[in-house]
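# Topology and contacts: notes
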Amino acid sequence: MAKKRSGGGLSATQQAAKFLGVSVLAGAVMAGIALPGAGALGLAAKGSVKSFDEIPANLKSPQLSQRTTILDGQGAQIATVYSRDRTVVDLTDISPYMQKAIVAIEDSRFYQHGAVDLKGVLRALNKNAQEGGVAQGASTLTQQLVKNYFIEEAGDDPTKVAQATQQTLGRKIRELKYAIQIEDKLGKKKILENYLNITFFGEQAYGVEAAAQRYFSKHAKNLNVQEAALLAGIVQSPTRYDPVNDEAEATKRRNIVLQRMAELGDISQKEADEAKEEPLGLHPSRPKNGCITAVKGAGFFCDYVRQVVLTDPTFGKTKEDRAKLWNRGGLTIRTTLDPQAQRSAQASIKEHVYKSDSVATATTVVEPGTGKILAMGQSRPYGVNNKEHETSINLSVNADMGGGAGYQPGSTFKPIVAAAAVEGGKAPTQQYPSPYEMTYPSPVSACNGKTWHDDPRKPTKLTNENESEHGPYGMKEATAKSVNTYYVQLISDIGICPVTDMAKKMGVARADGRKIQQAPSIALGTQEMSPLTMASAYATFASRGMYCTPVAIESITQKVGSEQKSLAVPKSTCSRAMSEKTADTVTTLLKGVVEDGTGQEAGLDSRASAGKTGTTDERFAAWFVGYTPNMAGAVWVGDPQHKRKMINITIGGVPHDKVFGGEVPGPIWRDMMAGALEGKPAPDFQLVDIPDDESDDDRGRGDAGADEGNNGGRGRLIGGLIGGLTDGGTADGGRATGGTTTGAGGTAPTPTFSLPGNFIQGQNNGGNNGNGGNGGRRH
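This section reports on the structure supplied with the text. Keep in mind it's a predicted model, so treat the numbers as computed, not measured. (Residues numbered from 1 in each chain as written. Predicted model: local features only at pLDDT ≥ 70, side-chain atom pairs only at ≥ 80, totals over all residues. Heavy atoms only, no water.)

## Quick look at the state of the cysteines
- According to the stated counting rule, one finds 3 disulfides in the structure shown.
- Covalently, Cys447 is tied to Cys497 through a disulfide, its sulfur atoms 2.0 Å apart. Where Cys447 bonds to Cys497 through sulfur, the torsion about that S-S bond is close to 105°, and the disulfide is right-handed. Note that Cys447 is positioned in the loop between strand 8 (444-445) and strand 9 (451-452) and Cys497 in helix 19 (residues 496-505), a separation of 50 residues in sequence.
- Judged by relative accessible area, Cys447 falls into the buried class, the value being 14%.
- The disulfide partner of Cys548 is Cys574, and the S-S distance across this bridge is 2.1 Å. Judged by the sign of its S-S torsion, about 115°, the cystine formed by Cys548 and Cys574 is right-handed. Of this pair, Cys548 sits in strand 12 (residues 546-548) while Cys574 is found in strand 15 (residues 574-576), placing the two residues 26 residues apart along the sequence.
- With a relative accessible area of 7%, Cys548 lands in the buried category. (Disulfide = S-S within 2.5 Å. Helix = DSSP H or I, 4+ residues; strand = E, 2+ residues; numbered from the N terminus. Buried < 20%, exposed > 50% of the residue type's maximum accessible area, 1.4 Å probe, protein only.)

Here it is in structure tokens:
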């Protein structure tokens, strides 16, 4: 190793190295100043060939990533989320001590030199040569600003970050050239402001405002001299000088900054010495990032809002554009969430279902006629801590919006069949024999000229819940008692296609994104849906036939510099799904459910309400979906993994032999809606006159007040019913393989019953070897 001579000068080797280093760097600097373009060197920003005389407009005042604030419908904060914790502030809102401290320790000649400090370069070269390594840098604040900008642009992409920080001549020349132009166009004060807002201060704090809050729980404008010195010292190495984890090292660094400020005359030596004696005075705050910070149990709604921004084309043509908008942040998002409805939903959930229960509940409330989502909650908290029974799966929404694959809605699908029938001209007084047990009618017409056929060799049987339930029934009583055999006869009479068409008009689709299958068993709710889908569908009845797509966002503004820019947001699209008369007819039917049928425990005493219970095959799920003229809500209860049957189970501290839709979901819905609607208008429905069915003393009806009967063991629908679509003749179908159902976290075990051979038929013109489907229960 070369050594100093006795006279203190450099050895010949060191002098040569110094000369060479200065020459190379000086050449690079001059190249950056003189070269008219960078195309030949491949140095243009973002890989494009631009003139060095051009500077990106956003480089002058970069749009930095900041916090995004999510508000409810009344303007109260729900949550704060961010990719990088930063709040941009003006220079006037930054303590003068902070401004002086950062200049003193990072670039003491900031106000004397231009973009490049040649004197600083020579000083650094000399220092590094003496130390035999890199002991001192020479980048000015302006150069550091440019470098930080490209790091900011790289975001969380490790490849882009590496490109932004690579130690190459090309990157350095580009950085120098931009620094020169920024000095000319912005001026010193704006450069200092931008630098203090962009730089990283450790502990997830980007920018001086976030740093002041993180370490001292105060605003940047209120920092005193020793606090400012501490923050300024962190910048060189946020990990090494982290005061939270190494107070001693951070104190040494702070005192170095204080001494440097005294040497430059920013403060007196006495002030510096007194400040050095002060403790660090940390009063740290730990801001939580993301929807886990949401209040009122609105974490899942917060996550739904995030999904909307990331998926809706309104916020960008590409996935990358939308992700960039969300990560850049600085958004203030005012949502549709009604705080009263949300509080009531969470209170009802807490009362009826414990987070530690083996099953969960999810609820959603929407506003008829607007599509606004007013509440969204579930019994298992938002998060990733399994020990605390947390989950990040939003059980209220479809898979593509952060939910699971959905749950069979059971008999809550029957009103859609009724709507299709009435809209097609079927009278609500229509009667069918509706025996306790029957085989599926066959053939049944389907869409596109196809026909569903059962296997005549082994016809599929279905039953009602209770043996006392046998007809004939009209639509009113069959709906109130949720009679399976009536609704299978009804869909067989009108055909499958009118029902699937009506479902589409009402926004009803499978939660996993697949098409609703063409089979009469869909009348009994065999296709997996989400609570948001069902709540929005029933809102169609409440709004007298108008379906409105669900929306969660009212408005968005984005902070750009010191201004707020309004962004376009998705709007609800409303369309007529059925006539007013049809909707009013279904409402009349469903009003009977809560007054005299299976949903009596869900009825609201003080206002008009209507709804429908649902219990699925093997009792893996139970539902109540209902509405008033001004709110519609859906409640699902079940095992998200689709493994725990709700038989001999305790939910919310209450034991149940068997769970029915009216027994557990019904009271949750009642309490949720009662609180959500308290103090709000109580309009009446527009009802139609549907004559009661003629009484017949010879047929047993069972107890109309009983919740769907007590003989659940005999009410199973044979699995694998879906299939058998042909253009004619009996299909030569494939062998049945089960009737499994996918839930949010897994697949159900094969049902305990056996399927008749060759029962599942082909969905093709010849009916050969087609696809099977899912079985399910009504109620």
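What follows picks up the thread again.
## Here we look at the environment of Met673
- Here Met673 is to be found in helix 22 (residues 665-677).
- By relative accessible area, which is 0% here, Met673 ends up buried.
- C-alpha of Met673 to C-alpha of Ala632: the two residues are 41 residues apart in sequence and 8.5 Å apart in space.
- What Met673 contacts, discounting residues up to four positions off in sequence, is Val365, Leu604, Met631, Ala632 and Gly633. (Contact = heavy atoms within 4.5 Å.)

## Notes on the pattern of salt bridges
- In this structure the tally under the stated criterion is 27 salt bridges.
- Across the pair Glu227 and Lys218 runs a salt bridge whose closest N-O atoms are separated by 3.1 Å.
- For Lys476, the salt bridge is made with Asp692, and the minimal N-O distance between the two is 2.9 Å. With a gap of 216 residues between them, Lys476 in helix 17 (residues 475-481) and Asp692 in the loop between helix 22 and strand 21 (725-726) connect regions that are remote in the sequence.
- A relative accessible area of 60% means that Asp692 is categorised as exposed. (Salt bridge = Lys/Arg side-chain N within 4 Å of Asp/Glu carboxyl O.)

## A look at the pairing of strand 20 (residues 654-658)
- Both strand 19 (residues 647-651) and strand 20 contribute to a ladder of 4 bridges, which runs antiparallel. Bridging across to strand 20, Thr650 finds its partner in Pro655. (Pairing = 2+ DSSP bridges.)

## Observations concerning helix 21 (residues 580-596)
- An ideal rise of 1.5 Å per residue puts 24 Å on 17 residues; helix 21 measures up with 24 Å between its terminal C-alpha atoms.
- Burial runs high along helix 21: 13 of the 17 residues are buried. (Expected span 1.5 Å × (residues − 1).)

## Let's talk about the packing of helix 9 (residues 208-216) against helix 10 (residues 225-234)
- For the pair helix 9 and helix 10, interaxial distance at closest approach is 11 Å and the crossing angle is 115°. By the angle between their axes, helix 9 is roughly perpendicular relative to helix 10. At the point where helix 9 passes helix 10, the crossing takes the right-handed sense. Residues Val208, Ala211, Ala212, Tyr215 and Phe216 of helix 9 pack against Glu227, Leu230, Leu231 and Ile234 of helix 10.
- In terms of residue class, the contact of helix 9 with helix 10 is made up of 8 nonpolar, no polar and 1 charged. (Axes fitted to C-alpha atoms, helices over the stretch in contact; angles between N-to-C directions. Parallel < 35°, antiparallel > 145°, perpendicular 65-115°, else oblique. Left-handed = near helix turned anticlockwise from the far one by under 90°. Nonpolar A, V, L, I, M, F, W, Y, C, P; charged D, E, K, R; others polar.)

## Focus: the sheet that holds strand 14 (residues 563-567)
- What the 5 strands build is an open sheet, ordered 2-1-3-13-14; its pairing is mixed. Both edges of this open sheet fall to strand 2 (77-81) and strand 14, since each of them pairs with a single strand only. The mean inter-strand angle of the sheet, taken between neighbouring strand axes irrespective of direction, is 20°.
- Inspection of the sheet shows strand 1 (residues 68-71) paired to strand 3 (residues 331-335) by 3 bridges, in the parallel sense. Bridge pairing links Ile70 to Ile333 in strand 3.

## A closer look at the packing of helix 10 against helix 11 (residues 247-263)
- The geometry of helix 10 relative to helix 11 is characterised by a closest axis approach of 8 Å and an angle of 110° between their N-to-C directions. Taken together, the axes of helix 10 and helix 11 lie roughly perpendicular to each other. In this structure, helix 10 crosses over helix 11, and the sense of that crossing is right-handed. Residue-level contacts link Val225, Gln226, Ala229, Leu230, Ala232 and Gly233 of helix 10 to Ala250, Arg253, Arg254, Val257, Leu258 and Met261 of helix 11.
- Grouping the constituent residues of the contact of helix 10 with helix 11 by class yields 8 nonpolar, 2 polar and 2 charged.

## Focus on helix 18 (residues 484-494)
- Burial analysis of helix 18 places 10 of its 11 residues in the buried class, the great majority of the element.
- What helix 18 keeps buried is the set Asn484, Thr485, Tyr486, Tyr487, Val488, Gln489, Leu490, Ile491, Ser492 and Ile494.
- Looking one or two residues past helix 18, Gly495 carries a phi angle of roughly 95°, positive in sign.

## A few points about unusual backbone geometry
- Of note, the amide linkage connecting Ser442 to Pro443 takes the cis form, showing an omega dihedral of 5°.
- Residue Pro472 follows Gly471 across a cis peptide bond; omega there is 10°.
- Relative to the helices and strands, Pro472 is located in the loop between strand 10 (461-463) and strand 11 (473-474).
- With a phi close to 65°, Gln204 is a non-glycine residue in the positive phi region.
- Structurally, the position occupied by Gln204 is in the loop between helix 8 (188-198) and helix 9.
- Among the residues examined, Gln204 registers a relative accessible area of 51% and is labelled exposed.
- Within the chain, Asn448 stands out as a residue other than glycine whose phi angle is a positive 60°.
- As for its position among the elements, Asn448 is in the loop between strand 8 and strand 9.
- The class for Asn448 is exposed, based on a relative accessible area of 76%.

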